[in-house]
Amino acid sequence: MSKIRAAITSVGGYVPEYRLTNKVLETMVDTNDEWITSRTGIKERRILKGEGLGTSDMAVEAVNELLKKRGISADEIDLLICCTVTPDLVFPATANIITDKIGAKNAFGFDLMAACSGFLYGVTTASKYIEAGGYKKVVVVGADKMSSIVDYEDRETCIIFGDGCGAVLLEPTEDDFGIIDTIMKSDGSGRVHLHQKAGGSVKPSSHATVDAKEHFVYQEGKAVFKFAVTNMADVSAEIMEKNNLGSDDIRFLVPHQANKRIIDATARRMGVGSEKVMLNIEKYGNTTSGTIPLCLWEWEKQLKKGDNLILSAFGGGFTWGAIYLKWAYDSK
Ligand code: UT7
């Protein structure tokens, strides 16, 4: 019997309407369009506005879209994994809120936190459920409402992040398509450079933590950049080597959108030209767990059955990794 693999069979995405442009940021903090564009590649990011709206609301839109495209109903989903660092609530899991809102009454779900590598960890986890048998329809959501934890007085972080969500459906296949290989890595000592100080069990939220702005993202940009640029490039090259892939074999690099300079370095290391790099950072900024599935969502129509893709990310934790997959369908 041939090996069961997990293949992506549908993609959905959602970005909020409101565009926070570099020009608007210039009126909020001491920055300018030229600095932001040259240092990051970002021109604007989307922000989820509206009282009572959270990460699950973006996910509902993305998941409903992928279900519609695949022509299936929510109650056919067996498992939903929500990758996020901005859950609706500290508990229960946002995955449970999403399954409730979409009516996925036969699914179980859980959240997975691996920051910007969340979606890759989620797809890797989902693929193991499918390969083990028993799970036929698994949804992986990558969603973050970063505006809920960004300090719009901190020019080093507020220019980077945006809100958005992408989601994929994974199903079993016995053909030679789908998730072929994954390499996932983490190094917890990196947490000092990128984290949220308060709101967890070590330092529960209080007036003092809010006054000290410890409920926002804390990032030492330069240090994170150094680790990201090396590790994302290394792990992408490693997965190519492990699978005997040359640059000509790659149809697309699907990189986490943290900084265009990190993406360029990764592509250079892999030997792939810019025409093979999915890049939408200029429109959405860094949506953390959302970046990679949002790229797949935008490029879906250009993808053909059998295309080799390398997905690659680096993020808080530190976490990083790469996935090699063969695209499993021609989009209509
Ligand atoms: O998503 C996963 C994890 N995150 C990342 O991968 C992000 C990694 N880091 C980065 O992308 C970059 O480090 C940043 C975009 C955050 C910053 O770029 P940088 O080239 O590393 O800038 P820097 O921190 O070295 O700052 C250079 C200068 C500093 O001024 P001085 O000390 O040279 O006078 C900053 O104060 O730029 C200043 N600066 C700004 N200037 C205008 C910092 N932020 C801004 C700003 N506008 N928004």
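About the cut-offs
Residues numbered from 1 in each chain as written. Predicted model: local features only at pLDDT ≥ 70, side-chain atom pairs only at ≥ 80, totals over all residues. Heavy atoms only, no water. Helix = DSSP H or I, 4+ residues; strand = E, 2+ residues; numbered from the N terminus. Buried < 20%, exposed > 50% of the residue type's maximum accessible area, 1.4 Å probe, protein only. Contact = heavy atoms within 4.5 Å. Pairing = 2+ DSSP bridges. Near = heavy atom within 4 Å. Polar contact = N/O pair within 3.5 Å; in protein donor to acceptor, adjacent residues only side chain to side chain. 1 Å grid on protein atoms, 1.4 Å probe; cavity = no way out; pocket = protein on both sides within 12 Å on 5 of 7 lines; lining within 4 Å. Sits in = over half its atoms within 2 Å of the grid points. Nonpolar A, V, L, I, M, F, W, Y, C, P; charged D, E, K, R; others polar. Domains from an automatic or database assignment.

1. A few points about the side chain of aspartate 33
If you trace the backbone, aspartate 33 turns up in helix H2 (residues 33–40). Aspartate 33 gets classed as buried once you look at its relative accessible area, which sits at 19%. Discounting chain neighbours no more than four positions away, the residues touching aspartate 33 are Asn22, Lys23, Glu26 and Lys43.

2. Some remarks on the pairing of strand E13 (residues 319–326)
For E13, a buried count of eight out of eight residues is recorded, marking the element as mostly surrounded by other parts of the structure. Because side chains alternate across E13, one face comprises the buried residues Thr319, Gly321, Ile323 and Leu325, and the other comprises Trp320, Ala322, Tyr324 and Lys326, equally buried. One ladder, built from eight bridges, connects strand E8 (residues 178–186) with E13; its direction is antiparallel. Bridge pairing links aspartate 181 to tyrosine 324 in E13.

3. Side note on the site of the ligand
In the neighbourhood of the ligand, 24 residues make up the surrounding shell, with Thr31, Arg39, Lys222, Asn259 and Asn286 lying closest. In the environment of the ligand, an oxygen atom lies 2.7 Å from a nitrogen or oxygen atom belonging to the side chain of asparagine 286. One can see that the ligand is located within the second largest pocket. Those elements giving two or more residues to the shell around the ligand turn out to be H2, helix H6 (155–158), helix H8 (221–242), helix H9 (260–270) and strand E12 (308–315). With four residues, the single largest contributor to the shell around the ligand is H8. A per-class count over the shell around the ligand returns ten nonpolar, eight polar and six charged. Both domains that meet at the shell around the ligand, namely domain 1 (5–176) and domain 2 (180–326), each give it at least three residues.

In short, geometric facts, not functional conclusions.
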